[in-house]
Amino acid sequence: MTDRLEDVRNLGPKSAWVLREAGIETQTALRELGAVEAYRRVKFQFPRYASLNLLWALEAGLRGTDWRALTGEDKAALLRELEEKA
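Okay, so let's go over this structure. Source: prediction; values computed, not measured. Note that residues are indexed from 1 along each chain, following the sequence as it is written. With pLDDT at 70 or above as the cut-off, local features in this predicted model cover only qualifying residues; side-chain atom pairs require 80 or more to be listed or tallied, and sums for whole chains, interfaces and linings still use all residues. Only hydrogens and water are set aside; all other atoms, that is, all heavy atoms of the structure, feed into the side-chain values.

Here we look at the environment of L58
Only DSSP runs of H or I covering at least 4 residues are called helices, and only runs of E covering at least 2 are called strands; the numbering of each starts at the N terminus. On the secondary structure map, L58 appears in helix 3 (residues 52-63). Note on contacts: a residue pair is in contact if any heavy atoms of the two residues lie within 4.5 Å. Residue contacts for L58: discarding those within four places in its chain leaves L11, L19, L30, A35, A38 and Y39.

See the structure below:
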């Protein structure tokens with residue numbers, strides 16, 4: 001198994017680059033932080049790049065599923081977690 005960010009489902013080269021620039025170098029690091037904290041770090045460093053689509057992609061990628069498979073409940077839970085950490 002690889003630990004490259006590019007191998008996380010839903011993440012392309014630009015997303016992997018932005019994550020690295022935010023200090024998240026590997027899949028292992030991404031898993032340890034979780035989608036919400038990774039998104040917060042990217043949003044802090046690259047606010048114009050960090051749309052909610054990135055948050056959905058990160059969460060779904062960590063689950064190993066397509067980002068479009070996240071339910072409204074999943075997204076609402078992520079937004080609540082994001083709000084709690086603000």
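Don't stop here, the text continues.
Looking at the packing of helix 2 (residues 27-45) against helix 4 (residues 72-84)
Note on geometry: axes are lines fitted to C-alpha atoms, helical ones only across the stretch in contact, with angles between N-to-C directions running from 0 to 180 degrees. Contact pair helix 2 / helix 4: the axes reach a minimum separation of 10 Å and the direction vectors enclose 55°. Taken together, the axes of helix 2 and helix 4 are oblique relative to one another. The two elements helix 2 and helix 4 cross, and the hand of that crossing is right-handed. In contact with V36, Y39 and R40 of helix 2, helix 4 contributes L78, E81 and L82. Angle categories are assigned with fixed cut-offs, so that under 35 degrees is roughly parallel, over 145 is roughly antiparallel, 65 to 115 is roughly perpendicular, and the rest are oblique. Note on convention: the crossing is left-handed when the near helix lies turned anticlockwise from the far helix by less than a right angle, right-handed when the turn is clockwise.

Focus on the pattern of salt bridges
Here, a salt bridge means any side-chain nitrogen of Lys or Arg that lies within 4 Å of a carboxyl oxygen of Asp or Glu. Under the definition given, this model contains 9 salt bridges. Here E37 and R40 are joined by a salt bridge, their closest N and O atoms 2.9 Å apart. Separated by 3 residues within a single helix, E37 and R40 lie in helix 2, roughly one turn from each other. Overall, the relative accessible area of 30% leaves R40 in the partly exposed class. Connected via shared salt-bridge partners are R4, E6, D7 and R20. Each residue is assigned to one of three classes by its accessible area relative to the maximum for its type, calculated with a 1.4 Å probe on protein chains only: buried under 20%, partly exposed between the two thresholds, exposed over 50%.

Description of the environment of L78
Checked against the element boundaries, L78 lands in helix 4. Counting along the chain gives 43 residues from L78 to A35, while the straight-line C-alpha distance between them is 8.5 Å.

Observations concerning helix 3
Helices are assigned an expected span. That span is 1.5 Å times one less than the residue count. Over its 12 residues, helix 3 extends 17 Å from the first C-alpha to the last, a length consistent with the 16 Å expected when each residue adds 1.5 Å. Burial runs high along helix 3: 9 of the 12 residues are buried. Those residues of helix 3 that fall on the buried side of the exposure criterion are L54, L55, W56, A57, L58, E59, A60, G61 and L62. Taken together, the buried residues of helix 3 touch helix 1 (13-21), helix 2 and helix 4. Phi for G64, located one or two positions after helix 3, is positive at around 80°.

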